[in-house]
Amino acid sequence: MRRVLLLIVALLLCRAVVAQPSEALRALLADTTLRWASVGVDVRSVERGNHILEYNSHLALVPASVTKLISTAFALDVCGQNFTVETKVYREGDVFNNYLNGSLIIYSSGDPTLDSKYFPERAFMRRVIASLKEQGINSVSDIRFMPLVPYQGRYTGAWLSEDVANYYGASWMPFNWHDNSCKITLRSDSKHSYMVSEEPSAESCNYRCTVKVKGGVKPDVWIYGGANGYREIRGEMAPNMPSYSVNGAMGFPEEYFKSEFNKVTNRPHVIEAKQKSGNRVLVASYLSPTFAEIVSIANKRSVNLYVEALANIAASKIPGEDSYCDKIESWLAPICSDCRGVVMKDACGLAPLNRIPVSVFTDLLLWSRGKWDGAFDNSLAVVGDTGTLKNFAKSYPYLNGRVMAKSGSMSGVRALSGYIIAKSGKQYAFTIIANGFTAAGSDVMGSFATFLNKLYHEL
């Protein structure tokens, strides 16, 4: 009996030692930038998986874009790092005088990279037009889109109206083009602002510019809107600005593609005769980059559209009528020690109603390490080198190249999850999330950098 009691006491003492904060954690929790915030921290050894530091890791917090870690790992695991999707283009109808009196039919598989700025060498529209010209066709009567993937609507329903009309809120659809975004150019005189142009453009959106003109201000312009195609441009800009641009989301990318295609091919104004059925001919077949390549951009550059595409396409491979978020949660359950606090409303983290326990991300990092030929590990931004962390922790050069992570941010939220190689050469997986702070987000990220710097030296 005495031995049992001694064993219990020893275990309790060991637990107490593990739970004691190091100097790094003590300093983080004492930082005034995090006063009034909910903070969760989880640091574990990659080699052994044991806890090194832990504070409120059970809390289900808003993780912002760190959610992408879950969704991209899900896509890689379900589909594989070499998986691609194909977009096929056919023509149907008669050709006369270099004109297709019929339809160009695009079978779309949800590829988010068609004419994307992240893959400029993989030109989709240019390839289609070149193939048509090889077949003696300079313009077409009509363009139709045939989706090949399940589709639950143009918007998730979980994003804020102040997000969905801006470039980062571009929604995934069966057909995606030009990152589903366009550039809006404005100008101002001494009293008023005006919308000058939309590039590329379509008639599917109706814009109203209400940007206020104020002296001595820096331009701060945002686009509001929804599924009905109405857009309101709000914010403020200085007087007499000849040009200022802001990027918005396309509500209907297929309409933008049609409009731009017709401009490039100089579609003639003709009366279109009734097309014949049949006579379907392949024009072009476009393979997407591999999932490993898309994941790399998605995580390093935090591209919401790409992650929504990956998650939806991967979920379509799993039988059942559950939503893609439900399928991701089911996939995640056996990976984590406790997933009961997980609430996912989207795949990319833009939804403010997402709630995920801090420990879930560290569980995922330890489970995924080295899988898929390193596609997941290599997709993380590197401090001082790549992606969203290129300019992170400038005051701590020791962290350059030694911290690989995914960051997340939205109003009142900052999160960071990834790996750190300590001064000792040992590797650790970590997650830090702060919600509800009142300080500037940049100051909170500075607190995270200080924590990681102390951790680097302590471990």
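Notes on the structure follow. (Residues numbered from 1 in each chain as written. Predicted model: local features only at pLDDT ≥ 70, side-chain atom pairs only at ≥ 80, totals over all residues. Heavy atoms only, no water.)

**Let's talk about the nonpolar core**
Counting residues in hydrophobic clusters, the biggest one holds 62 residues, and the most contacted among them are Ile-70, Leu-332, Leu-364 and Phe-376. Every element with two or more residues in this core is listed here: helix H3 (68-79), helix H7 (291-300), helix H8 (304-316), helix H9 (324-332), helix H10 (358-368), strand E18 (413-421) and strand E19 (427-435). Broken down by element, the residue count for this core peaks at nine residues, all from H8. With residues up to four places along the chain from it excluded, the contact list for Leu-332 reads Ile-70, Cys-339, Val-342, Val-360 and Leu-364. By size, the runner-up hydrophobic cluster in this structure holds 38 residues, among which are Leu-114, Ile-137, Ala-284 and Tyr-286. (Core = buried A, V, L, I, M, F, W, Y, C linked by side-chain atoms within 4.5 Å. Buried < 20%, exposed > 50% of the residue type's maximum accessible area, 1.4 Å probe, protein only. Helix = DSSP H or I, 4+ residues; strand = E, 2+ residues; numbered from the N terminus. Contact = heavy atoms within 4.5 Å.)

**Topic: the pattern of salt bridges**
Two side chains bearing opposite charge may form a pair once their charged atoms approach each other closely. Applying the stated criterion across every chain, the model contains 12 salt bridges. Note that Arg-44 is salt-bridged to Asp-363, the shortest N-O span being 2.7 Å. On the criterion of sequence distance, the pair formed by Arg-44 in strand E1 (residues 38-45) and Asp-363 in helix H10 is long-range, its members being 319 residues apart. Classification of Asp-363 by relative accessible area gives buried; the value is 8%. One network of salt bridges, with partners in common, ties together Asp-42, Arg-44 and Asp-363. (Salt bridge = Lys/Arg side-chain N within 4 Å of Asp/Glu carboxyl O.)

**Some remarks on the sheet that holds strand E6 (residues 139-147)**
Sheet strands line up and pair through hydrogen bonds in the backbone, either parallel or antiparallel. Spatially, four strands are ordered E6-E5-E4-E14 in an open sheet, and the strand pairing comes out mixed. The open sheet is flanked by E6 and strand E14 (280-287), the only strands paired with a single partner. Ignoring which end each strand starts from, the neighbouring axes of this sheet average 20 degrees apart. When strand E4 (residues 86-96) meets E14, the two strands line up antiparallel, connected through seven bridges. In the sheet register, Lys-88 faces E14, and the bridge partner there is Ser-285. Where helix H4 (residues 124-134) meets the sheet, its contacts fall on E4, strand E5 (99-108), E6 and E14, and the angle it forms with E14 comes to roughly 150 degrees. (Pairing = 2+ DSSP bridges. Axes fitted to C-alpha atoms, helices over the stretch in contact; angles between N-to-C directions.)

**Observations concerning helix H6 (residues 253-265)**
Since there are 3.6 residues in each turn of an α-helix, residues three or four apart along the chain are aligned in direction. The end-to-end C-alpha distance of H6, which contains 13 residues, comes to 18 Å, matching closely the 18 Å that a straight helix rising 1.5 Å per residue would cover. Along H6, the residues that are buried comprise Pro-253, Glu-254, Tyr-256, Phe-257, Glu-260, Phe-261 and Thr-265. What you see down the axis of H6 is that its buried residues fit within an arc of 155 degrees, all on one side. Taken together, the buried residues of H6 touch E5, H4, E6, strand E7 (181-188), strand E8 (193-199) and strand E9 (206-209). (Expected span 1.5 Å × (residues − 1). Arc of directions from axis to C-beta.)

**Comments concerning the side chain of Thr-33**
Mapping Thr-33 onto the fold places it in the loop between helix H2 (23-30) and E1. Reaching out from Thr-33, the side chain makes a polar contact with the side chain of Asp-31 at a distance of 2.9 Å. Beyond its immediate sequence surroundings of up to four residues, Thr-33 is in contact with Phe-437, Ala-439, Asp-443, Val-444 and Ser-447. (Polar contact = N/O pair within 3.5 Å; in protein donor to acceptor, adjacent residues only side chain to side chain.)

Take it as geometry only, folks, not as evidence of what the structure does.
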